[in-house]
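One-letter residues, chain by chain:
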Amino acid sequence: MDAAPTTLADSLLDDLDDLSDVEQPENEQDPNEVQEGGEDADEGAVMREDDMDDMDDETTKQRRAFESLRGHEEAAEKEGAAPCKPRRKRYLDDAGLGSLLSTVRSWQTNTITGTGSGEASADAVSQRERRDYDEQEYQLIVASNRYLAGLSNELARAHAELCSAYRPKFPELEELVVDPLLYKEAVRIIANQMDMTQVNDELNQILNSNQIITISVSGSTTSGRLLTEQELQHVYEAADYIDEIVDVQKELMDFVEGRMELLAPSVCALTGASIAARILGLAGGLAELSKIPACNLQVLGQIKHSAASRAGMSAISTKPHTGILSECDLVKKCPGYLQKKALKQVAAKLALAARCDFVNVDTGRERSASSGQKFRAEIESKFQKWEEPDKARVLKALPNLFDSCDTYTYDQRLRLHSSLTNKYHMWLS
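Along each chain, residue indices are assigned from 1 in the same order as the chain's sequence is written. Predicted model: local features are reported for residues with pLDDT of at least 70 only, side-chain atom pairs are reported and counted for 80 or more only, and whole-chain, interface and lining totals are derived from all residues. For side-chain calculations, the full set of non-hydrogen atoms in the structure is used, while hydrogens and water are omitted.

Visitor: Requested: an account of the overall build of the chain, with residues and values cited.
Guide: Elements are defined by DSSP. Helices are runs of H or I of four residues or more, strands are runs of E of two residues or more, and each kind is numbered from the N terminus. Summing up its helical and strand segments, the chain has 21 helices and zero strands in all. Every one of the 429 residues in the chain was classed for burial, and the buried ones make up 31%. Contacts were defined at the residue level, with two residues in contact if any of their heavy atoms lie within 4.5 Å. In the chain, the proportion of contacts linking residues at least 24 apart, taken out of those at least 6 apart, comes to 69%. When the accessible surface of the chain is summed, it comes to about 28300 Å², and 52% of that surface belongs to carbon and sulfur atoms. Exposure is judged per residue with a 1.4 Å probe applied to protein chains only, and the accessible area is read against the type maximum: over 50% gives exposed, under 20% gives buried, and values in between give partly exposed. Accessible areas in this description were obtained via Shrake-Rupley with a 1.4 Å probe; residue shielding takes into account the shown protein chains only.

What follows is the structure, encoded as structure tokens:
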């Protein structure tokens, strides 16, 4: 019983020896060379073993970090809260905007107390100080217009964040209410309410009947869920941030509107100070406004509607392909069938008036409203001609066939006339 295993082991060893004899390495080394390089080989092997140990340690650390991160995400999902995202830098936290707001507030305070651009202070200061004061005020207006354009973009980003935060509760609402301010108010009213009929009275104060009916139907069939306390708090923070943006925007707009006649007198004479301030705020300044063509001026500031809002659910009754310029008094005075045509005319003259104001400012010439007044008079006279009733048609007698013709033509026409007359008499008889 003991000889069999010994024989089997010996046969296996013999087979291994045969294989080692047959399969020799290609680069066979001399035993002396191996002995000479043995120390180096031993050191290389030790180094490779150390590297493997380091790689094992790094792999182990990465694996542990990944497992801990996955466990944190799974725990967050179990708690019902999404993983935290890094918060982007707010535009209202910009140091330049804060400095501009403080300067504007102090400037308005000085103007109100009598140290600003009033008539009494103008008599007390010299002409040089007056020019310096006007230049500082102009720079403030330019900076305010630049930040107003940035605030408009920030309002769009804040609205997108609010939509993203409230989408788990009511994903259809952002398609039904496209105006950012009305959407914010609707979100505050609805909040975490699942039954839309409970908030219809409050929604009726900001939305029309078509929207309320559509929101009620969509709310009863929505795929949304109730928000957690943390998610609802994030929604309220996004809505409050929109309010802050609107307040800062209104403050800068009031400042620019009160001083628009100094910056762009021709544009103010054509469209009015309020419309001019809003247009300059969206364009980013007078230089930027002078580069915009007339076809783009008539749609500047338009609200883009979705398919749902066009189907009778629009928050405001706006016409397609119109912007802020459609609220100008020149356009509003025209009848409805002429307003689109009038808008094109006002936009064309506004482009010219903006360029006139920019050339005066850029070259240092005196700023005058004469160009704007001239353009406004031309537009008003043209609108009057459009509204005039059509003249009655004047009945003219037919020309005599036998006048101003030669003998040959006269004979031909006479024969034709005679034949037609004879045929007519024959027909009567």
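This is not the end of the story, as more comes after the structure.
Visitor: Describe the packing of helix 8 (residues 180–190) against helix 11 (residues 229–258), listing the residues and the values that go with them.
Guide: Every axis in this analysis is a line fitted to C-alpha atoms, fitted for helices over the stretch in contact. Angles between the N-to-C directions lie between 0 and 180 degrees. The interhelical angle for the contact between helix 8 and helix 11, taken along N-to-C directions, is 145 degrees, at an axis separation of 10 Å. Crossing hand, helix 8 versus helix 11: left-handed. In this structure, helix 8 uses Leu181, Lys184, Val187 and Arg188 to contact helix 11, whose residues at the interface are Val235, Ala239, Asp240, Ile242, Asp243 and Val246. Taken together, the residues of the contact of helix 8 with helix 11 break down into six nonpolar, no polar and four charged. The handedness criterion is simple: a crossing whose near helix is rotated anticlockwise from the far helix by less than a right angle is left-handed, and one whose near helix is rotated clockwise is right-handed. Residues are grouped as follows: Ala, Val, Leu, Ile, Met, Phe, Trp, Tyr, Cys and Pro are nonpolar; Asp, Glu, Lys and Arg are charged; all remaining types, including Gly, are polar.

Visitor: Quick rundown of the packing of aromatic side chains? Include the residues and the values.
Guide: A pair of aromatic rings is counted whenever rings of Phe, Tyr or Trp (Trp by its six-membered ring) have centres within 6.5 Å, and the orientation is called stacked for planes under 30 degrees apart, edge-to-face for over 60 and tilted otherwise. One pass over the full model with this rule turns up two aromatic pairs. A ring pair is formed by Tyr91 and Tyr147, whose centres lie 6.3 Å apart and whose planes are at 55 degrees; its orientation type is tilted. Taken together, the residues span a long stretch of sequence, with Tyr91 in the loop between helix 3 (38–79) and helix 4 (95–113) and Tyr147 in helix 6 (residues 127–166) at a distance of 56 residues. On the numbers, 5.1 Å between centres and 35 degrees between planes, the contact of Phe383 with Trp386 is tilted. Here Trp386 and Phe383 lie together in helix 20 (residues 370–387), a separation of three residues that amounts to about one turn. Judged by its relative accessible area of 6%, Phe383 falls in the buried class. Only lysine NZ and arginine CZ atoms are considered, and such an atom sits over a ring when it is within 6 Å of the ring centre and within 35 degrees of the ring normal. Just above the ring of Trp386 sits the side chain of Lys341; from NZ or CZ to the centre is 4.4 Å.

Visitor: With reference to specific residues and values, describe the nonpolar core.
Guide: We call a set of buried residues a nonpolar core when its members are Ala, Val, Leu, Ile, Met, Phe, Trp, Tyr or Cys and they connect through side-chain atoms within 4.5 Å of each other. Membership of the largest hydrophobic core comes to 84 residues, with the highest contact counts inside it found for Tyr166, Leu173, Ile190, Leu203, Ile215, Leu252 and Met260. Sorting elements by how many residues they give to this core places helix 6 first, with 14 residues. Not counting chain neighbours up to four residues away, the residues in contact with Ile215 comprise Phe170, Leu173, Leu176, Val177, Ile190, Met196, Leu203 and Leu207.

Structural measurements only, silent on function.
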